[in-house]
Amino acid sequence: MNVPDLNFGDLFDALAEVIPDRPAIIFGEQSYDWRTFDARSNRLARTLLDRGLQTGAKVAFYLRNSPAYVELFAACAKARLTHANINYLYVEEELHYVLDNADAEAVVYDAEFAPQIERLRQRLPKVRAFLEVGDAPPSDWAESYAQACEIGVGTRLNIERSGEDLYFMYTGGTTGYPKAVMWEHKHRIKVIGMSEHEDAESHAQATAHQAGGIVLPACPLMHSTGFTTTVSALMSGSCVVLLPSRSFDPAVCLKQIERHRVNRLAIVGDAFSVPILEYLAEARAYDLSSVELISSAGAMWSAERKHALLDHFTNATLSDSLGSSEGSRLGSSTTTPGERSATARFKLGPDVKVFTEDLREVIPGSGESGMIATSGSIPLGYYKDPERTAQTFPTVRGTRYSMAGDWCTIEADGSMTLLGRGNNCINSGGEKVYPEEVEEALKLHPEIDDVAVIGVADARWGQAVTAVILARDNREIDQATMKAHLAPLIARYKHPKTYVLVDQRIRHDNGKVNYRAVRRLAGVD
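Cut-offs used in this document
- Residues numbered from 1 in each chain as written.
- Predicted model: local features only at pLDDT ≥ 70, side-chain atom pairs only at ≥ 80, totals over all residues.
- Heavy atoms only, no water.
- Salt bridge = Lys/Arg side-chain N within 4 Å of Asp/Glu carboxyl O.
- Helix = DSSP H or I, 4+ residues; strand = E, 2+ residues; numbered from the N terminus.
- Buried < 20%, exposed > 50% of the residue type's maximum accessible area, 1.4 Å probe, protein only.
- Pairing = 2+ DSSP bridges.
- Contact = heavy atoms within 4.5 Å.
- Lys, Arg positive; Asp, Glu negative; His and termini not counted.
- Polar contact = N/O pair within 3.5 Å; in protein donor to acceptor, adjacent residues only side chain to side chain.
- Core = buried A, V, L, I, M, F, W, Y, C linked by side-chain atoms within 4.5 Å.
- Expected span 1.5 Å × (residues − 1).
- Axes fitted to C-alpha atoms, helices over the stretch in contact; angles between N-to-C directions.
- Parallel < 35°, antiparallel > 145°, perpendicular 65-115°, else oblique.
- Left-handed = near helix turned anticlockwise from the far one by under 90°.
- Nonpolar A, V, L, I, M, F, W, Y, C, P; charged D, E, K, R; others polar.

A. Structural context of the pattern of salt bridges. Counted under the stated rule, the structure contains 32 salt bridges. Across the pair Glu-29 and Arg-259 runs a salt bridge whose closest N-O atoms are separated by 3.1 Å. One end of the pair, Glu-29, is in the loop between β1 (23-27) and β2 (30-33); the other, Arg-259, is in helix α10 (residues 250-260), with 230 residues separating them in the sequence. For Glu-29, a relative accessible area of 68% puts it in the exposed group. Put simply, Glu-164 and Lys-186 hold a salt bridge, and the shortest N to O gap is 3.8 Å. Here the residue Glu-164 occupies a position in the loop between α6 (145-150) and β8 (166-171), and Lys-186 occupies one in helix α7 (residues 185-191), the gap between them amounting to 22 residues. On the accessibility criterion, Glu-164 (49% relative accessible area) is partly exposed. Judged by its relative accessible area of 16%, Lys-186 falls in the buried class. Because the salt bridges share partners, they merge into one network encompassing Asp-10, Asp-13, Glu-17, Asp-38, Lys-78, Arg-156 and Arg-161.

The structure is reproduced here in structure tokens:
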């Protein structure tokens, strides 16, 4: 497999040279062209290196969507530092776990998160620098992110980089505690389709002769879908429009699409489609004719919602991608106006095979289910977890694969029908929730005797976290009480949306949860 030794830092440098006046980032009333974006990220890279960070050092991104996230990734790539995403919904212990697990030597965070960092910083002895993003002066123990971007030398760094430089993508909840998936730059560049050229300069020259698009990632950059969309857009010379709201607001999103004539919108399945459609049903008419592509990855996107969106985005093609942090391009599905599509039906990706548990290839049309596996450009594995790496990235008959746990059947025509994760991972609005983590947090409540957590199909969230509870002495437990109990223990998105109280055992005699009984008790089977 020919994979050019490309590095994101080299690509950022080369593109800034040939398209300096093109817009790179728009955020509310702020707009940065490539010249400004380049200079700010160069200064930021020098600041991080001046604080003693060396090649491979980890930089934690504790940020909402903003220009800072994009500038910081460019700075890390240029300085040969490793991006480590932090879910900004984590509460204290979850946050500490990831920062410690990543061996973070710098933490860049939004000012709103300063209280969380202040409580933890004495427990983070490896951190050399805290950079605070905000308009006000930073905390007295931190540095100003703005100054790091605005003061100093903004010219290109004199650094020889490697395609083997890494970035991390923490994936939360699939197999317990979050794990960092380790991607080499050259393989990720290959996956996103930017490796047609052997060097950064030839890629930049080709890009300069193409019109740049306007791309809006509506989903968080802290997750793979939003992050990959943003990086891919920049690598193609496009401008990235970031929503100036703290969380997704369909009104803000549609206004930005209309205002900036967005060509491509990236969402995460029904979790974004539903609020957009609900808002459009009541709102004024928006001019959405500029949108040529709506892409989604990371969660279920129902055929019904796709067709409803096309009633409003009349010039758009819908691209539904199946993938994960551990492997991209597993499957794809496109829907155009007037075309019918099926939920969870995909065309297999170029390097994809489907294996049974004993690693036999599934025969199309056999009805047999199997695990989706992809080879070629895949991650090195999980950071500091060789056991899980061996399980997820096995070698089969001489070829190394990524098998993140997605199961499917292969139809006679070669298409796949996605069944879901082989484990009990819940995907709620694009967020992965590990049931046992929620169960253990709930069991800390003195009135709960036992509990099982499952995902229940939900029109908006894909799956809604549902707790089936056996209370002590059959006592009543209300949702407000549970919300208060869980608040300091786990992030809000992991909280059950529904509680079902039962008066019978929910486990087999061997102590394992009887999921068939649990689903029956929850009224979903």
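B. A look at the sheet that holds β8. Spatial strand order, β8-β9-β19: three strands in an open sheet with antiparallel pairing. Two strands in the sheet have a free side with no partner beyond their single neighbour: β8 and β19 (381-382). Judged from the two bridges that link them, strand β9 (residues 179-184) and β19 form a sheet pairing that is antiparallel. Looking across to β19, one finds that Val-181 is bridged to Tyr-382.

C. Examining the environment of His-223 more closely. With respect to the secondary-structure elements, His-223 resides in the loop between β10 (214-217) and α9 (224-235). Setting aside residues no more than four positions away along its own chain, His-223 makes contact with Asn-87, Met-169 and Glu-431.

D. Just the side chain of Glu-132, in detail. Residue position: Glu-132 is located in strand β6 (residues 129-133). There is no salt bridge for the buried Glu-132, and the closest opposite charge comes from Arg-121, which lies 9.4 Å off by N-O distance. Polar contacts involving the side chain of Glu-132 include one to the side chain of Ser-139, which spans 2.8 Å. Setting aside residues no more than four positions away along its own chain, Glu-132 makes contact with Tyr-109, Ala-111, Ala-114, Pro-137, Pro-138, Ser-139, Ala-142, Glu-143, Ser-144 and Tyr-145.

E. How the structure looks around the nonpolar core. Residues Phe-8, Phe-12 and Leu-442 are the most contacted members of the largest nonpolar core, which totals 111 residues. Here the element with the most residues in this core is helix α3 (residues 67-79); it accounts for ten residues. Discounting residues that sit within four places of it in the chain, Leu-442 has contacts with Ile-448, Val-451, Val-453, Ala-467, Met-482, His-485, Leu-486, Pro-496 and Tyr-499. Counting 31 residues, the second largest nonpolar core, distinct from the first, contains Ala-218, Val-268, Ile-276 and Leu-277.

F. Main features of α3. The end-to-end C-alpha distance of α3 is 18 Å, a good match for the 18 Å that 13 residues give at a rise of 1.5 Å each. When you tally the buried positions in α3, you get 13 out of 13 residues, the bulk of the element. Immediately beyond the C-terminal end of α3, within one or two residues, lies Arg-80, with a positive phi of roughly 65°.

G. Layout of the side chain of His-203. Mapped onto the fold, His-203 is located in helix α8 (residues 200-208). You can call His-203 buried: its relative accessible area is 5%. Non-local contacts of His-203, meaning those with residues more than four positions away in its chain, are made with Leu-11, Leu-15, Met-194, His-197 and Met-235.

H. A look at the sheet that holds strand β3 (residues 58-62). In space, the five strands of this open sheet follow the order β4-β3-β5-β6-β7, with parallel pairing throughout. Each edge of the open sheet carries a strand with a single partner, namely β4 (82-85) and β7 (143-144). Packing of α3 onto the sheet brings it into contact with β3, β4, β5 (104-110) and β6, and relative to β3 it is tilted by some 175°.

I. The packing of helix α2 (residues 34-50) against α3, seen in detail. Running from amino to carboxyl end, α2 crosses α3 at an angle of 60°, the nearest separation of the two axes being 8 Å. Classified by the interaxial angle, the pair formed by α2 and α3 is oblique. Between α2 and α3 the crossing geometry is right-handed. Across the interface between the two elements, Phe-37, Asp-38, Arg-40, Ser-41, Asn-42, Leu-44, Ala-45, Leu-48 and Leu-49 from α2 touch Val-70, Glu-71, Leu-72, Ala-74, Ala-75, Cys-76, Lys-78 and Ala-79 from α3. Split by residue class, the contact of α2 with α3 holds eleven nonpolar, two polar and four charged.

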